[in-house]
Amino acid sequence: MLNFIFIALGFLLMGLGLLGCFVYKIPGPILSFLGILVLQFGTEIEPFSTTSLIICAIAVIVCKILEKQAPKLISKIHTFGKGGKIGCMLGSIIGIGVIAATSEWAEDIIWLMYLVGLVIIPLVLAILFEFISTKNWTTSLKSGVAAWTHYLVNTLLQLAISIYCLYEAFNSMGGNL
């Protein structure tokens with residue numbers, strides 16, 4: 001019974017980690033890695049090798065370093081403010097809602113819904129929110145694209161690491177469930 005609770009908690013943390021890839025305030029890869037640690041040390045199964053744990057830990061650390069350095073690199077293109085960040089975050093949440101709402105009837109064009117939901121809506125809202133804060137279309141376009149670039153780079157990096165942690169969990173737990 002206790003094993004089941006820790007397995008459920010571990011996978012819940014990894015699910016929250018996936019959500020954290022799209023929402024700024026939730027530390028996605030860290031939660032995914034905590035989920036792996038809960039599975040490793042909270043259960044009697046111990047499904048992960050030391051190598052897998054070290055690779056996941058290094059990937060999370062590198063992700064967090066790059067997450068802190070990306071704004072400095074992207075600001076060389078153009079600076080962006082809170083409006084762009086908020087627009088991207090709201091756009092990704094709305095985009096996930098669009099994907100969830102259209103997944104039933106848009107099975108043939110689901111790739112288009114992913115493109116609209118996770119790329120176009122955050123870009124449009126980043127530009128719009130930057131315009132609301134700057135009142136200048138030229139500046140808001142540059143700032144919005146810079147904020148969106150930051151969002152896209154961070155999201156893809158976090159998503160790759162969170163999916164890798166989830167993959168390792170399913171791969172390692174496959175024979176032990």
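As shown above, the structure is provided for reference.
Basis of the calculations
Here the residue index of a chain counts from 1 through its sequence in written order. pLDDT decides what is reported in this predicted model: residues at 70 or higher carry local features, side-chain atom pairs at 80 or more are listed and counted, and totals for whole chains, interfaces and linings draw on all residues regardless. Neither water nor hydrogens contribute to the side-chain values; these are computed over all heavy atoms in the structure. Numbering goes from the N terminus for both helices and strands, where a helix is a DSSP run of H or I of at least four residues and a strand is a run of E of at least two. What a helix is expected to span follows from its residue count: subtract one and scale by 1.5 Å. When a residue's accessible area, from a 1.4 Å probe over protein chains only, is under 20% of the maximum for its type it is buried; when over 50% it is exposed; and in between it is partly exposed. Any pair of residues with heavy atoms lying within 4.5 Å of one another is described as a contacting pair. Note on geometry: axes are lines fitted to C-alpha atoms, helical ones only across the stretch in contact, with angles between N-to-C directions running from 0 to 180 degrees. These descriptions rest on fixed angle ranges, namely under 35 degrees for roughly parallel, over 145 for roughly antiparallel, 65 to 115 for roughly perpendicular, and the rest for oblique. Two helices cross in a left-handed way if the nearer one is turned anticlockwise from the farther one by less than a right angle. They cross in a right-handed way if the turn is clockwise. In this classification, the charged set is Asp, Glu, Lys and Arg, the nonpolar set is Ala, Val, Leu, Ile, Met, Phe, Trp, Tyr, Cys and Pro, and all remaining amino acids, among them Gly, are polar. Salt bridges, as used here, are contacts in which a Lys or Arg side-chain nitrogen is within 4 Å of a carboxyl oxygen on Asp or Glu. A 3.5 Å cut-off defines polar contacts: any pair of N or O atoms within that distance qualifies, except that in protein one atom must be a possible hydrogen donor and the other a possible acceptor, and neighbouring residues in sequence count only when both atoms are side-chain atoms. Only the six-membered ring of Trp is used, alongside the rings of Phe and Tyr, when aromatic pairs are assigned; centres must lie within 6.5 Å, and planes under 30 degrees apart are stacked while those over 60 apart are edge-to-face, with the rest tilted. A patch consists of residues exposed above 30% relative accessible area that lack any salt bridge, with like charges linked at up to 9 Å and nonpolar side chains (Val, Leu, Ile, Met, Phe, Trp, Tyr) linked at up to 5 Å. Exposure was quantified through the Shrake-Rupley algorithm and a 1.4 Å probe, taking into account, for residues, occlusion by the shown protein chains and nothing else. The positive count covers Lys and Arg only, the negative count covers Asp and Glu only, and His and the chain ends enter neither.

**Thoughts on helix H4 (residues 82–102)**
With 21 residues, H4 extends 30 Å from end C-alpha to end C-alpha; this agrees with the ideal 30 Å at 1.5 Å per step. The complete set of buried residues in H4 reads Gly83, Gly84, Gly87, Cys88, Met89, Gly91, Ser92, Gly95, Ile99 and Thr102. Buried residues in H4 make contact with helix H5 (110–134) and helix H6 (137–173).

**Here we look at the packing of H4 against H5**
Packing of H4 against H5 leaves a shortest axis separation of 7 Å and a crossing angle of 150°. As summarised for this structure, H4 and H5 are arranged roughly antiparallel, according to the angle between their axes. Between H4 and H5 lies a crossing of right-handed hand. Taken together, the residues of the contact of H4 with H5 sort by class into 15 nonpolar, 8 polar and 1 charged.

**Focus on the pattern of salt bridges**
This structure, assessed with the given rule, holds 1 salt bridge. Close ionic contact of Lys64 with Glu67 constitutes a salt bridge, the shortest N to O distance being 2.9 Å. Taken together, the positions of Lys64 and Glu67, both in helix H3 (residues 50–74) and 3 residues apart, correspond to about one turn of that helix. We classify Lys64 as partly exposed; its relative accessible area is 22%. You can call Glu67 buried: its relative accessible area is 17%.

**Some words on H6**
Counted at 1.5 Å a residue, the expected span for H6 with its 37 residues is 54 Å, and the 52 Å between its end C-alpha atoms agrees. Two or three places before Thr138, at the start of H6, stands the capping residue Asn136, its side-chain oxygen 3.1 Å from that residue's backbone nitrogen.

**Looking at the packing of aromatic side chains**
Counted according to the given criterion, the structure contains 2 aromatic pairs. With 5.0 Å between their ring centres and 35° between their planes, Phe11 and Phe170 make a pair best called tilted. Remark: Phe170 occurs in helix H6 and Phe11 occurs in helix H1 (residues 2–20); sequence separation between them is 159 residues. Measuring from ring centre to ring centre gives 4.0 Å for Phe131 and Trp137, while their planes differ by 15°; the resulting arrangement is stacked.

**Overview of a nonpolar patch on the surface**
The grouping of Ile109, Trp111, Leu112, Leu115, Ile120 and Val124 at the surface amounts to a nonpolar patch, some 520 Å² of accessible area in total. Looking at the secondary structure, you find Ile120 in helix H5.

**Things to note about the side chain of Glu130**
Along the polypeptide, Glu130 turns up in helix H5. The buried charged residue Glu130 lacks any salt bridge, with Lys85 as its nearest oppositely charged partner at 9.3 Å. Separated by 2.9 Å, the side chain of Glu130 and the backbone nitrogen of Gly81 make a polar contact. Among all residues touching Glu130, those that are not within four sequence positions of it are Phe80, Gly81, Gly83, Gly84, Lys135, Ser140, Ser143 and Gly144.

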